[in-house]
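Commentary on secondary and tertiary structure
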Amino acid sequence: MSTIQPIAGELEPHPDVALVDRVRGGDVSAYDELVRKYDRQIFRIAQHITQNREDAEDVMQDAFLKAYEKLDQFQGNSKFYTWLVRIAVNESLMRLRKRRTGKMVSIDEDIETEEGSVPRDLADWAPDPEQNYGQAELNEILRKTIQGLPQGFRIVFVLRDVEGLSTDETAETLGLSIPAVKSRLLRARLQLRERLSRYFRRKKVGEK
Amino acid sequence: MTCSEFLALLDDLIDDSVTPEVRAGLQQHLRGCEHCEVTLNTTRKTIEIYRSHEIYDLPPDLRERLHAAIIARCKKGC
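Definitions and limits used
Residues numbered from 1 in each chain as written. Chains lettered and ligands numbered in written order. Predicted model: local features only at pLDDT ≥ 70, side-chain atom pairs only at ≥ 80, totals over all residues. Helix = DSSP H or I, 4+ residues; strand = E, 2+ residues; numbered from the N terminus. Rg over C-alpha atoms; globule rule 2.2 N^0.38 Å. Buried ≥ 20, exposed ≤ 12 C-beta atoms within 10 Å, placed from the backbone. Contact = placed C-beta atoms within 7 Å. pLDDT = per-residue confidence, 0-100. Core = buried A, V, L, I, M, F, W, Y, C linked by C-beta atoms within 7 Å. Nonpolar A, V, L, I, M, F, W, Y, C, P; charged D, E, K, R; others polar. Axes fitted to C-alpha atoms, helices over the stretch in contact; angles between N-to-C directions. Left-handed = near helix turned anticlockwise from the far one by under 90°.

Some details on the overall build of chain B
- The helix and strand inventory of chain B stands at five helices and zero strands.
- Listed N to C, the secondary structure of chain B is α-α-α-α-α in terms of helices and strands.
- Its C-alpha atoms give chain B a radius of gyration of 22 Å, clearly above 12 Å, the size a compact globule of 78 residues would have.
- Within chain B, buried positions represent 22% of all 78 residues.

Now the structure itself:
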């Protein structure tokens, strides 16, 4: 198997490069390390897209198995993690398509074309508003709120803001242009902010 | 600077990818616009909350089960 090259311009190769090389040399325990390193992120991304626990379990397995099978196709000009996320996003979309009996599913779904407008809700939030809720209740609020976003916004927000991919990496992963990622990210952030205001806004005196 | 112009640069401000000149213009707008100040602060908080709360946790037993299944298949050559 060929040895992958570190990403051009980086002085130190990413630690995953050595692990990937070991896997290519037949060392399954190195793949074990890669799975443990990224399984939580892949599971989260799959849950955000499929919104279904069983599908997310299947996607996680399929994504890691597919990445293992296709490791020879990984060029090393992107990070292993970004490459893995792209596989997981595609697997998640395929899983959604299956659930909808073959109906096409794309990341453009539900996207409105109008540009972002100035937010309507002016209410400021209470200081540390999340502390007004128990952990389970807060998780439910956060889950419900992000599930209400159009899919094309939700995926961009999750990759960029929750999982910490750069704008370039998000664009590459989703096959979108950088301006498209930026535009969706702004809309996603503003819509989430507005929806969360319902729960987090500062209460007026006497208001329950 | 109008509120719409501020909003167009909101993400760049949050992601700290504005030039000092642009930042100065945005800060000047913020000093006179409570609306945009609230929007900036609550949008930052929105990101922070989603970043710091794992709403889809992978329980340890499920993690081990999935992990074992993946590695077993890899050892067999998938």
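Looking at the overall build of chain A
- A count of helices and strands for chain A gives eight helices and zero strands.
- For chain A, the α and β elements follow one another from N to C terminus as α-α-α-α-α-α-α-α.
- Out of the 208 residues belonging to chain A, those deemed buried represent 39%.
- Residue pairs at least 24 apart in sequence account for 67% of intrachain contacts in chain A once pairs closer than 6 positions are excluded.

Some points on the confidence of the model for chain B
Residue and element names in this part refer to chain B.
- Mean pLDDT for chain B: 92, with 99% of residues reaching 70 or above.
- The secondary-structure element of chain B with the lowest mean pLDDT is helix α5 (residues 60–75), recorded at 91, while helix α3 (residues 20–32) shows the highest, at 95.
- In the predicted assembly, ipTM is 0.90 and pTM is 0.86.

Here's the deal with unusual backbone geometry
- In this structure, Asp128 of chain A is a non-glycine residue whose phi angle is positive, near 45 degrees.
- Phi angles above zero are rare outside glycine, and Asp16 of chain B is one such case at about 60 degrees.
- With respect to the helices and strands, the residue Asp16 of chain B is situated in the loop between α2 (10–14) and α3.

Concerning the environment of Glu130 of chain A
- In this fold, Glu130 of chain A is placed in the loop between α4 (80–99) and α5 (135–147).
- Under the C-beta neighbour-count criterion, Glu130 of chain A is labelled buried, with 20 such atoms within 10 Å.
- Each C-alpha atom of the pair Glu130 of chain A and Ile141 of chain A lies 9.9 Å from the other, and the pair is 11 residues apart in sequence.
- Leave out the neighbours within four places in its chain, and Glu130 of chain A touches Leu138 of chain A together with Ile49 of chain B.

A closer look at the environment of Glu33 of chain A
- Looking at the element boundaries, Glu33 of chain A is found in helix α2 (residues 28–50).
- Sequence separation between Glu33 of chain A and Trp125 of chain A is 92 residues, and the spatial gap between their C-alpha atoms is 42 Å.

Some details on the nonpolar core
Residues and elements named next belong to chain A.
- Formed by 61 residues in total, the largest nonpolar core has its most connected members in Ile42, Ala46, Met60, Ala63, Leu84 and Ala88.
- Sorting elements by how many residues they give to this core places α4 first, with 10 residues.
- If we ignore the near neighbours within four places in the chain, the residues touching Ala88 are Ile42, Ile45, Ala46, Val59 and Ala63.

Concerning the interface of chain A and chain B
- On the side of chain B, 30 residues touch chain A, which itself brings 40 residues to the contact.
- Within the residue set of the side of chain A that touches chain B, elements represented by two or more residues are α2, α3 (53–69), α5, α6 (151–162) and α8 (178–200) of chain A.
- In terms of residues, the side of chain A that touches chain B owes the most to one element, α2 of chain A, which gives 11 residues.
- The residue inventory of the side of chain A that touches chain B, partitioned by class, reads 20 nonpolar, six polar and 14 charged.

Brief notes about the packing of α2 of chain A against α5 of chain B
- Contact geometry for α2 of chain A and α5 of chain B: axes closest at 10 Å, N-to-C directions at 150 degrees. The element α2 of chain A and its partner α5 of chain B pack so that their crossing is right-handed. Across the interface between the two elements, Val28, Tyr31, Asp32, Val35, Arg36 and Asp39 of chain A of α2 of chain A pack against Arg63, His67, Ile70, Ile71, Cys74 and Lys75 of chain B of α5 of chain B.
- Here the contact of α2 of chain A with α5 of chain B is built from residues that sort into six nonpolar, one polar and five charged.

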